[in-house]
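Residue strings, one per chain:
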Amino acid sequence: MTEAIRAIAVAAMPAEAGELRRLAASVARLPKHGVADRELLTVADETGAEHQVLLVTSGIGLVNAASALSAALASYSPDFVVSFGSAGGFPARVRVGDVAASSVLTYSVANATAFGYALGQIPGMPEAYAGDPALLERAADAVVAGPMISGDTFVAGDLFDGVAERWPDAVATDMESTALAQVSHAHNLPFVSLRGISDLCGPDAGDEHGQTVEAVSAAAAAAVLTLLR
């Protein structure tokens with residue numbers, strides 16, 4: 001039997017997850033599952049009403065994210081799932097410090113176009129994963145909404161030009177959110193990604209990310225609270 005909770009919030013790294021933990025009135029550590037840490041938080045929305053949120057620190061990458069959420073869903077039944085933390089931004093579309101929200105999510109490197117699928121589409125799965133409209137509306141005042149992409153690649157240096165050419169409308173890229181969206185889709189759960197822009201994809205992205213990841217994850221965590229009301 002699964003336990004009903006308000007949300008599952010998934011971050012890849014401890015530096016990201018810690019920013020939501022800091023906003024909690026109480027924290028109960030749960031047994032680790034694989035590489036993922038799990039904590040049950042009591043957090044308040046903007047009205048002061050308290051909610052239970054399962055915080056999952058999944059580890060970096062698509063497989064870690066998908067396996068951590070799938071395992072959590074075996075024990076918990078949330079109203080929705082949110083991915084939060086940091087992401088790389090596309091220059092001229094967002095700025096460092098913005099929080100990007102996923103209007104739609106796609107895999108950045110999936111390519112089965114030889115079989116008639118759209119670029120970024122996994123065969124047999126949707127062409128893309130739309131962010132939940134109600135969640136996007138709740139967060140609207142705190143975020144920049146737009147298409148987001150995910151892949152097991154940190155987009156820096158020479159990689160940026162090719163990614164920007166394939167995804168001309170994308171506002172941000174990370175390494176987990178689309179996999180989380182796919183798992184949420186399989187379980188008929190509303191999903192959105194809220195990612196603080198830690199760097200602009202390009203030659204200096206790695207250095208920028210390390211300097212800003214905690215600050216932008218704090219902004220993303222604050223945006224998560226707007227979803228709870």
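Residues numbered from 1 in each chain as written. Predicted model: local features only at pLDDT ≥ 70, side-chain atom pairs only at ≥ 80, totals over all residues. Heavy atoms only, no water.

**Q** Could you give me a rundown of the overall build of the protein, with the residues and numbers involved?
**A** A count of helical and extended segments in the protein gives six helices and 10 strands. Compactness check: the protein gives a C-alpha radius of gyration of 16 Å against a globular reference of 17 Å for 229 residues, within 12% of the reference. Overall size of the protein, expressed as C-alpha extent along the three principal axes, is 45 × 40 × 35 Å. Burial analysis of the protein (229 residues in total) assigns 54% to the buried set. (Helix = DSSP H or I, 4+ residues; strand = E, 2+ residues; numbered from the N terminus. Rg over C-alpha atoms; globule rule 2.2 N^0.38 Å. Buried < 20%, exposed > 50% of the residue type's maximum accessible area, 1.4 Å probe, protein only.)

**Q** Kindly report on the environment of Leu136, identifying the contributing residues and their values.
**A** Its place among the elements puts Leu136 in helix H3 (residues 133-139). Distance from Leu136 to Ser103, taken between C-alpha atoms, is 7.5 Å for residues 33 residues apart in sequence. Among all residues touching Leu136, those that are not within four sequence positions of it are Ala101, Ser102, Ser103, Gly131 and Val192. (Contact = heavy atoms within 4.5 Å.)

**Q** Go over the pairing of strand S4 (residues 50-57), please, and point to the residues and values.
**A** Counting buried residues in S4 gives six out of eight residues, a clear majority hidden from the surface. As judged from the eight bridges shared by strand S3 (residues 36-44) and S4, these two strands associate in the antiparallel manner. Across the sheet, the residue bridging to Leu40 is Leu54, located in S4. Following S3, the chain reverses through five residues before pairing antiparallel with S4; Gly48 in that reversal takes a positive phi of roughly 95°. (Pairing = 2+ DSSP bridges.)

**Q** Tell me about the pattern of salt bridges, residues and numbers included.
**A** Applying the stated criterion to the full structure yields nine salt bridges. Salt-bridge contacts for Glu39 lead to Arg29; the nearest nitrogen and oxygen are separated by 3.3 Å. Taken as a pair, Glu39 in strand S3 and Arg29 in strand S2 (residues 26-33) lie far apart in primary sequence, 10 residues in all. According to the relative accessible area criterion, Glu39 is buried, its value standing at 1%. Among the ionic pairs, Asp174 bridges to Arg195, the shortest N-O distance being 3.2 Å. Residue Asp174 is found in strand S9 (residues 172-174), and its partner Arg195 is found in strand S10 (residues 191-200); the two are separated by 21 residues along the sequence. For Arg195, a relative accessible area of 1% translates into the label buried. Here the residues in one salt-bridge network are Arg21, Arg29 and Glu39, joined through shared partners. (Salt bridge = Lys/Arg side-chain N within 4 Å of Asp/Glu carboxyl O.)

**Q** I'd love a proper account of the nonpolar core, names of residues and values included.
**A** Counting residues in hydrophobic clusters, the biggest one holds 33 residues, and the most contacted among them are Ile8, Leu54, Val56, Leu69 and Ala172. Where this core is concerned, the elements lending two or more residues are strand S1 (3-11), S3, S4, helix H2 (62-73), strand S5 (76-89), strand S6 (99-107), helix H5 (177-186) and S10. Of the residues forming this core, the biggest block, seven residues, is contributed by H2. Of all hydrophobic cores here, the second largest spans 28 residues; its members include Val82, Leu135, Val192 and Leu194. (Core = buried A, V, L, I, M, F, W, Y, C linked by side-chain atoms within 4.5 Å.)

**Q** Got a sec to walk through H2? Specific residues and values, please.
**A** Between its first and last C-alpha atoms H2 spans 17 Å; for 12 residues at 1.5 Å apiece the expected length is 16 Å, and the two agree. Residues of H2 that are buried include every one of Leu62, Ala65, Ala66, Ala68, Leu69, Ala71, Ala72 and Leu73, and no others. (Expected span 1.5 Å × (residues − 1).)

**Q** Provide a residue-level description of unusual backbone geometry, including the pertinent values.
**A** One non-glycine residue, Ala92, lies in the positive phi region at around 75°. Along the chain, Ala92 turns up in the loop between S5 and S6. A positive phi angle, close to 55°, is found at Asn188, a residue other than glycine. Tracing the sequence through the fold places Asn188 in the loop between H5 and S10.

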